[in-house]
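# Report on the structure
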Amino acid sequence: MDLGLTGKVAVVTGASKGIGLGIARAFAREGASVVVTARTKEAIEAAASAIRAEFGTEVRAVASDVATAEGCQAVIDAAAALGGANVFVSNAGTGSNETVAEATDAKWQQYWDLHVMAAVRLSRGLADQMEAKGGGAMLMNASICAVQPLWYEPIYNVTKAALLMFGKTLSTELIKRGIRVNTVNPGLIRTPDWENTARELAGDKWEAYLQEVADQHADIKRFGTVDELADFCVFLCSPRASYSVGSAYHVDGGMLKTT
Ligand code: NDP
């Protein structure tokens, strides 16, 4: 299927590794130019070089913290320099581990800024570029935890639920400007981060640990691959998904325990 993304400009935050890198690669494979962002300069530049070498498309690396207004502006400016964004994937994020009783206000604020304000600020700036180009698509990468919480990460659950609602609300506003907004809620996706956590917790039995997690949570009894999720995301952001507006899609191997 031709996804109609050749020559488009896609912005993906948190793209130096894991899911964001997979999504950026998938856009480049479809012939799109990509703006990739992360805080660590060497890592995001290495990711950009690797994507450029593999697919031959234009790739701009932005080293900035999207949890800040200035960090978001740097991303918006980079997209403008490429002629303006057609697609935006708000992906940068990370898990947490705390209790409500013990977590500080500062920790709540840090996750609010990363999971919610980054999406608010970037979608505001990039919407103007998309409208000027005749429309576009945005995708919020929330989590299954936005609707089915994991007990050890209350701040993650709450801020991802807020991101999910932000995507829905934004969708109603932006469709009037020709921009589709959707949300994806991944379940267990096997990333280097999950592998490192498993190594820390289970040493050389880390693969067995990951299998236990999958057995416990996902009906399909395995983690999803980054590519399985990335392909879904790229389709949703493509003109081939033109009637998908304001929805949340679970990519979770049956982890969600309701309809
Ligand atoms: P990783 O930890 O592997 O990658 C996170 C990426 O985001 C890195 O590129 C990191 O680079 C970047 N990043 C983190 N903080 C910031 C920041 N403040 N500003 C800019 N970039 C930042 O995460 P995953 O690939 O596992 O997850 C990606 C997204 O998917 C997250 O939002 C996560 O919540 C969500 N998700 C993941 C699931 C999974 O099973 N893996 C399941 C459900 C949702 P750097 O540190 O250099 O900034």
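All values reported here derive from a predicted model rather than from experimental measurement. (Residues numbered from 1 in each chain as written. Predicted model: local features only at pLDDT ≥ 70, side-chain atom pairs only at ≥ 80, totals over all residues. Heavy atoms only, no water.)

Here we take up the packing of aromatic side chains. Within this structure, the stated rule accounts for three aromatic pairs. An angle of 85 degrees between the planes, with centres 5.6 Å apart, marks the rings of Trp 151 and Tyr 152 as edge-to-face. For Trp 151, a relative accessible area of 77% corresponds to the exposed category. Exposure remark for Tyr 152: the relative accessible area of 26% places this residue in the partly exposed category. Between Trp 194 and Phe 223 the ring centres are 5.1 Å apart and the planes differ by 80 degrees, which places this aromatic pair in the edge-to-face class. With Trp 194 in helix α6 (residues 192-202) and Phe 223 in the loop between α7 (206-217) and α8 (226-236), this residue pair connects regions lying 29 residues apart in the sequence. Residue Phe 223 is classed as buried on the basis of its relative accessible area of 9%. Arg 199 extends its terminal NZ or CZ atom over the ring of Trp 206, reaching a point 4.2 Å from the ring centre. (Phe/Tyr/Trp six-rings, centres within 6.5 Å; stacked < 30°, edge-to-face > 60°. Buried < 20%, exposed > 50% of the residue type's maximum accessible area, 1.4 Å probe, protein only. Helix = DSSP H or I, 4+ residues; strand = E, 2+ residues; numbered from the N terminus. Lys NZ or Arg CZ within 6 Å of the ring centre and 35° of its normal.)

Moving on, we come to empty space enclosed by the protein. A probe matching the size of a water molecule, rolled over the atoms, marks out where space remains unfilled. Scanning all chains against the criterion turns up one cavity of 30 Å³ or more. Put simply, the largest cavity is a space of about 60 Å³. Around the largest cavity, the lining residues are Thr 13, Val 66, Ser 90, Asn 91, Ala 92, Leu 114, His 115, Ala 118, Leu 122, Asn 141, Lys 160 and Leu 163. Looking at the lining of the largest cavity, the elements with two or more residues in it are α4 (105-132) and α5 (154-174). With four residues, the top contributor of residues to the lining of the largest cavity is α4. Among the residues forming the lining of the largest cavity, the class breakdown is six nonpolar, five polar and one charged. (1 Å grid on protein atoms, 1.4 Å probe; cavity = no way out; pocket = protein on both sides within 12 Å on 5 of 7 lines; lining within 4 Å. Points joined across faces, edges and corners; volume = space filled by probe spheres on them. Nonpolar A, V, L, I, M, F, W, Y, C, P; charged D, E, K, R; others polar.)

The next point concerns the pairing of strand β4 (residues 87-90). Side chains Val 87 and Val 89 project from β4 onto one buried face, and the interleaved Phe 88 and Ser 90 project onto a second face that is buried too. Two elements, strand β1 (residues 9-13) and β4, share three bridges in a ladder whose sense is parallel. Each bridged residue has a counterpart across the sheet, and for Val 12 the counterpart in β4 is Val 89. One ladder, built from four bridges, connects β4 with strand β5 (residues 136-141); its direction is parallel. Counted as the bridge partner of Val 87 is Ala 137 from β5. Each parallel crossover has a hand, and for β4 linked through α4 to β5 it is right-handed. (Pairing = 2+ DSSP bridges. Right-handed = clockwise from strand over helix to strand, strands pointing away.)

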